[in-house]
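Overview (structure and organization)
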Amino acid sequence: MGLIIFIGIFIAIIVWGILVRNNIVRYFNATQRAWAEVANFERQKVKTLETLEQTLAQYTQFEKSTLEKVTELRQQILNLNLNNTDVSQLQHVEKLNQDLMKSLNVVVENYPELKADTLYAKMMDDIQEQNENVGAAITIFNRNVEEFNNTIEIFPNNMINTITLAKKTIRPFSDNVVTQNFDYKPNFN
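Residues numbered from 1 in each chain as written. Predicted model: local features only at pLDDT ≥ 70, side-chain atom pairs only at ≥ 80, totals over all residues. Heavy atoms only, no water.

Identification of the protein chain as LemA family protein from Acinetobacter bereziniae LMG 1003 = CIP 70.12 is taken from an unreviewed UniProt entry. Per UniProt, the comment on the protein chain under Sequence similarities (unreviewed entry) is "Belongs to the LemA family." Per its UniProt entry, the protein chain bears the Subcellular location (unreviewed entry) comment "Membrane". (UniProt positions renumbered as here; feature names shortened; annotations may be inferred.)

Below, the discussion takes up the overall build of the protein chain. Counting its secondary structure elements, the protein chain contains 7 helices and 0 strands. Contacts in the protein chain between residues at least 24 apart in sequence constitute 76% of all its contacts with a sequence separation of at least 6. Carbon and sulfur atoms form 56% of the exposed surface of the protein chain, whose accessible area is close to 11,800 Å². (Helix = DSSP H or I, 4+ residues; strand = E, 2+ residues; numbered from the N terminus. Contact = heavy atoms within 4.5 Å. Areas by Shrake-Rupley, 256 points an atom, 1.4 Å probe, with all protein chains shown as cover.)

Residues of the protein chain with pLDDT of at least 70 account for 78%, and the chain-wide mean is 80. Model confidence for the protein chain, summarised as mean pLDDT per element, is weakest for helix H4 (residues 112–116) at 58 and strongest for helix H6 (residues 157–164) at 92. (pLDDT = per-residue confidence, 0-100.)

What follows is about the pattern of salt bridges. Two side chains carrying opposite charge are able to pair once their charged atoms lie near each other. Scanning the entire structure with this criterion turns up 3 salt bridges. A salt bridge links Glu-42 to Lys-45, with the shortest nitrogen-to-oxygen separation between them at 3.1 Å. Here Glu-42 and its partner Lys-45 are both found in helix H1 (residues 2–57), 3 residues apart, which amounts to about one turn of the helix. Classification of Glu-42 by relative accessible area gives buried; the value is 0%. Owing to a relative accessible area of 1%, Lys-45 belongs among the buried residues under this scheme. Counted as one network, the salt bridges with shared partners bring together Glu-42, Lys-45 and Glu-94. (Salt bridge = Lys/Arg side-chain N within 4 Å of Asp/Glu carboxyl O. Buried < 20%, exposed > 50% of the residue type's maximum accessible area, 1.4 Å probe, protein only.)

Structure, rendered in structure tokens:
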């Protein structure tokens, strides 16, 4: 009788360990998928940026730096690695995007006829929509990162992770430019 109880407990522990391991894998895969969606939304900007480059080309004799920013942003988006969650690279892309939007506002102020151009207006709407999609995808990515990190850090899950997968925590995305401007800094220590 004692042997049956021991075997039953042993099997229950094995099944529990398998379930924990599968949850870790599930959350890791969800995080990778969310990262791919962030990169995908960023890459959707490329088509709009290519058209924007062509539209701005007629103004480049005065606004060469803006065109260069469009080109650099497009290239940095294309360089995003779908297989490697590189939050610092995404932070760089988002900073370039913010700088570009500021430059475009200056260009529009200098060339009011550009603002009236329907193609330009559509491109700006497209870029705004794409920025909102990226923001939503980053939120989903960060939620998945939190769930994954919690799953591998909580005891006894951390033991199962160490023994079977050895996955490391993933750094969530944060916008350093925005957080620097906050007056309040939480004390997490």
